[in-house]
Structure formats: structure tokens, C-alpha cells
Amino acid sequence: VVRPFSEIPGLWKNGVANLYNFWKLDGFRNLHRIMLQNFNTFGPIYREKVGYYESVNIINPEDAAILFKAEGHYPKRLRVEAWTSYRDYRNRKYGVLLKDGEDWRSNRVILNKEVISPKMLENFVPLLDDVGQDFVARVHKKIKRSGQKQWTTDLSQELFKYALESVSSVLYGERLGLMLDYIDPEAQHFIDCITLMFKTTSPMLYIPPALLRQIGAKVWRDHVEAWDGIFSQADRCIHNIYRKLRQEAGAPKKYPGVLASLLMLDKLSIEDIKASITELMAGGVDTTSITLLWTLYELARHPNLQEELRAEVAAARAESQGDMLEMLKRIPLVKGALKETLRLHPVAVSLQRYIAEDIIIQNYHIPAGTLVQLGLYPMGRDPKVFFRPEQYQPSRWLRTETHYFRSLGFGFGPRQCLGRRIAEAEMQIFLIHMLENFRVEKQRHVEVQSTFELILLPEKPIILTLKPL
Ligand code: HEM
Ligand code: 2DC
């Protein structure tokens, strides 16, 4: 017989007490490890309430399949109150990230065509390839200047710039110039604001921002300042394109970027376009850059694997005579490496949906409307799901072992990551250029863990050495 909802194991009766314990465990930064521990304690399903955040947590791919079958026509994930409160406070529109229901769907359908449809890659790839080449040239220059035939550094700031330059060139069809020596301080400020925005969001997952706002809490004030910085920079970029578009007559000769395409299409209101373009610009920095940093770290730890990838890239280059779009079809192991990075170091610790209908998982009844979370981080490290999960093994994604609901780093279904195609192309192109130019090394015996700042980040700087081949 199916057991009732109230019998699901876990701590869900006293949200305030649980928040206190969570805080004692430094849970704001350890969410991923606490999830892992909870699955060890309670088994493959548990119910939880921390502060006002209530959810049912699952870990198995088969259960993920049940969850996503029940997501309905308007899939809804956890509402990040900090983000919606800011928009309400400043009277700014929600973009596709924060919209729900029919409003979300109608915007998303139009954005899908311009942002995530595979045929747009043709337009994106040449732009991203240029940025990749400039990044390599910049590293060569750094090596030359160091006078040491190598460059040892924490690459994260460089990768933030690479990611912002990449996503901006796709959105605006123009370069910001972040691969140059002297960069626009406004762009640097934008990057810093995104980091601060993520960092200040996590405590507000558990404590209502409305309350924090009333008591004038620093975390709320910092959060507002961060979003203000993000919006003012995005507004500048958007205005710039808008103005140019009105001056130029006739159809553009070359691909003008996502923003100009949306403006010309004239199917979304300007305010809706602005809101979603800002979210795409902000969502496109820390996500891909950190995933690339983790990938370089793993390649530095596995020199033989690094050579294998280099060989694959060289063969792909030869077979496609340098045509990047063709090359991207011939690098399965590079793609496997990115999946492997997201398995061990997922940007998002969990995927969540408010289910649209009643479901049964692990023989428990879960009523419609419940927030159900799939623990991506715990799943990626579960030996019942992945053979030898502790090993970084890109080739596992080539073999015929089942991949059913196991590659979920970008989410699933119509509500999955809108930036997915951009992110994938940007990261693949980056790795191609890096593997063709440099060997990546690290000091031995340095293990880096993750810390949760809304997204998972390396808990300390990752220091790598780049040597020209
Ligand atoms: C949503 C992951 C890069 C923009 C999401 C979601 C995940 C995710 C897990 C939630 C999906 C779901 O609920 O099913 C990632 C990862 C990235 C990445 C792992 C890179 C490694 C990007 C980039 C952009 C972006 C580069 C912008 C260009 C968005 C937006 C949404 C989203 C706008 C909300 C979509 C909606 O609600 O309809 N991402 N993301 N992401 N991401 Fe990404
Ligand atoms: C964080 O418990 C942990 O892609 C929470 O590009 C549940 C949760 C809800 C929404 C998730 C968030 C987690 C992690 C970061 C995500 C976000 C949805 C979108 C966002 C996954 C798992 C991200 C990074 C977007 C950010 C866009 C930007 C404009 C802020």
C-alpha cells in the first residue's frame, strides 16, 4: 500500500528549530553537504522544512523522471524571493527567469527561437570563436610578460571576463573589449555585482527578504546594491543597441545579436525584452566561468586524459579544416568532460518543481503543489547511480551505460536553462582553444572542495599553471 505524505522521513515539523540547526552547521555555505548527509540518514526520499523553505527531496534518476512527468504545462521552480522582492521594490519587470504561468510560456516560446534553438549556433559560433582566440592571445601575452615561459595564476577573474565577453557578444552582436589590458571599470563593477548578488541571495532562501528589508538588514541592502549595479550596466548596453538600431535603416547585413533580433521581431514588449536580456547577461557570467575553472582543474589533475582530449581536438581540427561549427560535432570526449564537470561540480545543487499533479515516489504519496527537489549534487556522487562516482571519467558519457535522467546539469524540459546552447558552445570553444595552445598543470596534493553561494563555487582559489605547447 502507498504510504501517506505525513510518513515521509525527515525534519519538517519545526522550521525555526531546523533553521537554527542549519545555521549552526554553517548551512548557508554547506547546503550541498547537508543534502548528502540527509540522504545518508533518511534514505532516497526525505521531507524538510528550514525557515520558511519546505520541500520533499529525492535523489534517484527514476524518481526524477516521475517528477518531471508531473511538472505540467507551466513548470514552476522554487521562487527565489530575494530576486522577486528586488524587482517589486524597484518596480522592474520580471523576465523569463522569474515569470510563471502563461506570461512565462509566451515569453519563453519567443526567446527559445532566438536563444536556444540549434540553428542559432550558426550565428553564435563565429562570435564565440573570436572571443576564444582573443583569450588565447591574452594568455600568450601574459606568459611572455612573466618572462618564465609559463603563467601560474588563479584564473577566475580572467574567466569571468571571458564569459561576460562571450555572452555579451552574442546578446549585443558587439564586443565589450574585456580581453584587452585596460577594461571598462563599469564592466568590472558588473562582474563584482553578480558575485555579490549570488552571495547575498542564499541567506534569503530561508529568511523572508520582506522581513530583512523591514529591519534594514545589511544582506538586503547589499543585495539591492548588487542588482542596481547589474541593471544599470545592462541598461547601458541595451540602450546603446536600441539607439543604433533606430539610426540604421534597412536590414542588417550580418547577424546583429539576440537583443537586436528580438527588437526587430517586435513580438515582446520592450520592457519584457529588457528584463530577459538583463537576466541572460547576469546568468551568463559565473555559471560558465566556474564550470570551465573546474574543468581545467580536473584536466590538470589528469594529464593523460588531457592528452587524450588534445588528440581528439587535433583530429577534429584536421577533419573539419578549421570550420568551428563542424569541429563541435567531432569532440564527444570534450563534451563528456563538461558533463563530468557538471556531475561532480554542478552549478545548481538541485532542480526543483512545484508538481502539477499528485505523484507516488518511493511508495509515498505526494500531493499536487508540493515543492519537490532533485539533489543534483548528491545524485552526481551516488555510487548507486554512477559507477565509481569519485573518478573523473569523461568517457563514461560515451559508453552505452544508461544515461536516463542522469545528465541534468542544465535542468530539464521546457523550463531548462535558456542559456544552455550558448553555455555549451562557449565552453566547448574555450576548451578547444586552450587544449590547442597550452598544457594545464597544478601543484600536487591540493584538493579543492565546493562552497554554496547560491551556486556552487570552489571554496578556495584554484591555482593553475599554463605552459605553451
Ligand atoms: C536556468 C544551469 C549557464 C541563463 C537554469 C537552470 C539550471 C541552469 C539548472 C534551471 C533549469 C530548470 O529549472 O530546469 C546552468 C548551467 C550553466 C548555465 C550549469 C553553465 C554551465 C547559463 C547562461 C545563461 C543562463 C550562460 C545566459 C546566457 C539561464 C536562464 C534561466 C536558467 C535565463 C531561467 C530559464 C527559465 O526560467 O525559463 N540554468 N546555466 N544560464 N539559466 Fe542557466
Ligand atoms: C539554489 O535551494 C539552491 O542558472 C536553492 O543563470 C534552489 C535553487 C533555485 C533556483 C536555482 C538556484 C538553486 C541555483 C542557481 C540557478 C537558480 C535558477 C537559475 C539560476 C540555477 C538551485 C542560474 C544560475 C541562472 C541565474 C540567472 C541570474 C539572472 C540570477
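We now turn to the structure provided with this report. Just so you know, these numbers come straight off a predicted model, no measurement behind them.

**Let's talk about the overall build of the protein chain**
So, point 1. From N to C terminus, the protein chain includes 18 helices and 12 strands.
So, point 2. The C-alpha radius of gyration of the protein chain comes to 22 Å, within 12% of the 23 Å expected for a compact globule of 469 residues.
So, point 3. Burial statistics for the protein chain: of 469 residues in total, 56% are counted as buried.
So, point 4. Of the contacts made within the protein chain by residues no fewer than 6 positions apart, 75% connect residues no fewer than 24 positions apart.
So, point 5. Of the side chains in the protein chain, 63 bear a positive and 55 a negative charge, and the two mean positions are spaced by 1 Å.

**Things to note about the site of ligand 1**
So, point 1. Arg77, Arg108, Arg353, Arg415 and Cys417 are the nearest of the 27 residues found near ligand 1.
So, point 2. Here an oxygen atom of ligand 1 sits 3.0 Å away from a polar atom, N or O, in the side chain of Trp104.
So, point 3. Residue assignment for the shell around ligand 1 shows that the elements contributing at least two residues are α5 (101–115), α12 (270–283), α13 (286–301), β5 (350–354) and α18 (420–437).
So, point 4. With 3 residues, α13 is the single largest residue contributor to the shell around ligand 1.
So, point 5. For the shell around ligand 1, the class distribution of residues is 14 nonpolar, 9 polar and 4 charged.

**What to know about helix α16 (residues 332–344)**
So, point 1. Here α16 contains 13 residues, and its C-alpha end-to-end distance of 18 Å stays within 8% of the 18 Å for a straight helix at 1.5 Å per residue.
So, point 2. The buried fraction of α16 is high, at 10 of 13 residues.
So, point 3. Considered for burial, the residues of α16 that qualify are Leu333, Val334, Gly336, Ala337, Leu338, Glu340, Thr341, Leu342, Arg343 and Leu344.
So, point 4. Among the structural elements, α13, α14 (303–319), α17 (376–380) and α18 are those in contact with the buried residues of α16.

**Some thoughts on the coordination of the iron atom of ligand 1**
So, point 1. Donation to the iron atom of ligand 1 from the protein comes from one atom only, Cys417 (SG), at 2.3 Å.
So, point 2. Following the sequence through the fold, Cys417 ends up in the loop between α17 and α18.

**Notes on α12**
So, point 1. End to end, α12 covers 20 Å across 14 residues, agreeing with the expected 20 Å (1.5 Å per residue, within 8%).
So, point 2. For α12, a buried count of 10 out of 14 residues is recorded, marking the element as mostly surrounded by other parts of the structure.
So, point 3. Looking at the buried positions of α12, the neighbouring elements they touch are α4 (81–90), α5, α7 (156–172), α8 (185–201), α10 (218–247) and α11 (258–265).

**As for the site of ligand 2**
So, point 1. The environment of ligand 2 is formed by 20 residues, the closest being Tyr53, Met197, Glu279, Ser350 and Gln352.
So, point 2. Taken by itself ligand 2 offers 630 Å² of open surface, and the protein chains cover 89% of this.
So, point 3. Residue assignment for the shell around ligand 2 shows that the elements contributing at least two residues are α12 and β5.
So, point 4. Considering every element that reaches the shell around ligand 2, the biggest residue donor is α12, with 3 residues.

**A word on the environment of Ala300**
So, point 1. With respect to the helices, strands and loops of the structure, Ala300 is situated in helix α13.
So, point 2. Judged by its relative accessible area of 11%, Ala300 is buried.
So, point 3. Taking C-alpha positions, Ala300 is 22 Å from Gly409, a pair spaced 109 residues apart along the chain.
So, point 4. Not counting the four nearest positions on each side in its chain, Ala300 is found in contact with Gln306, Val440, Glu441, Lys442 and Leu464.

**Looking at the packing of α13 against α14**
So, point 1. At a minimum axis separation of 5 Å, α13 and α14 run at an interaxial angle of 110°. The angle between the axes of α13 and α14 places the two elements in the roughly perpendicular class. Two secondary-structure elements touch here, α13 through Leu299, Ala300 and Arg301 and α14 through Pro303, Leu305, Gln306 and Leu309.
So, point 2. Split into classes, the residues belonging to the contact of α13 with α14 amount to 5 nonpolar, 1 polar and 1 charged.

**A look at the packing of α7 against α8**
So, point 1. Closest axis-to-axis distance for the α7/α8 pair is 11 Å, and the angle between their directions is 105°. It follows that α7 is roughly perpendicular to α8 by the angle criterion. Every residue of α8 that contacts α7 at Gln157, Phe160, Lys161 and Leu164 is listed here: Ala187, Gln188, Phe190, Ile191 and Thr195.

Calculation rules
- Residues numbered from 1 in each chain as written.
- Chains lettered and ligands numbered in written order.
- Predicted model: local features only at pLDDT ≥ 70, side-chain atom pairs only at ≥ 80, totals over all residues.
- Heavy atoms only, no water.
- Helix = DSSP H or I, 4+ residues; strand = E, 2+ residues; numbered from the N terminus.
- Rg over C-alpha atoms; globule rule 2.2 N^0.38 Å.
- Buried < 20%, exposed > 50% of the residue type's maximum accessible area, 1.4 Å probe, protein only.
- Contact = heavy atoms within 4.5 Å.
- Lys, Arg positive; Asp, Glu negative; His and termini not counted.
- Charge placed at Lys NZ, Arg CZ, Asp CG, Glu CD.
- Near = heavy atom within 4 Å.
- Polar contact = N/O pair within 3.5 Å; in protein donor to acceptor, adjacent residues only side chain to side chain.
- Nonpolar A, V, L, I, M, F, W, Y, C, P; charged D, E, K, R; others polar.
- Expected span 1.5 Å × (residues − 1).
- Donors = N, O, S within 2.8 Å, 3.2 Å for Na, K, Ca; no water.
- Areas by Shrake-Rupley, 256 points an atom, 1.4 Å probe, with all protein chains shown as cover.
- Axes fitted to C-alpha atoms, helices over the stretch in contact; angles between N-to-C directions.
- Parallel < 35°, antiparallel > 145°, perpendicular 65-115°, else oblique.

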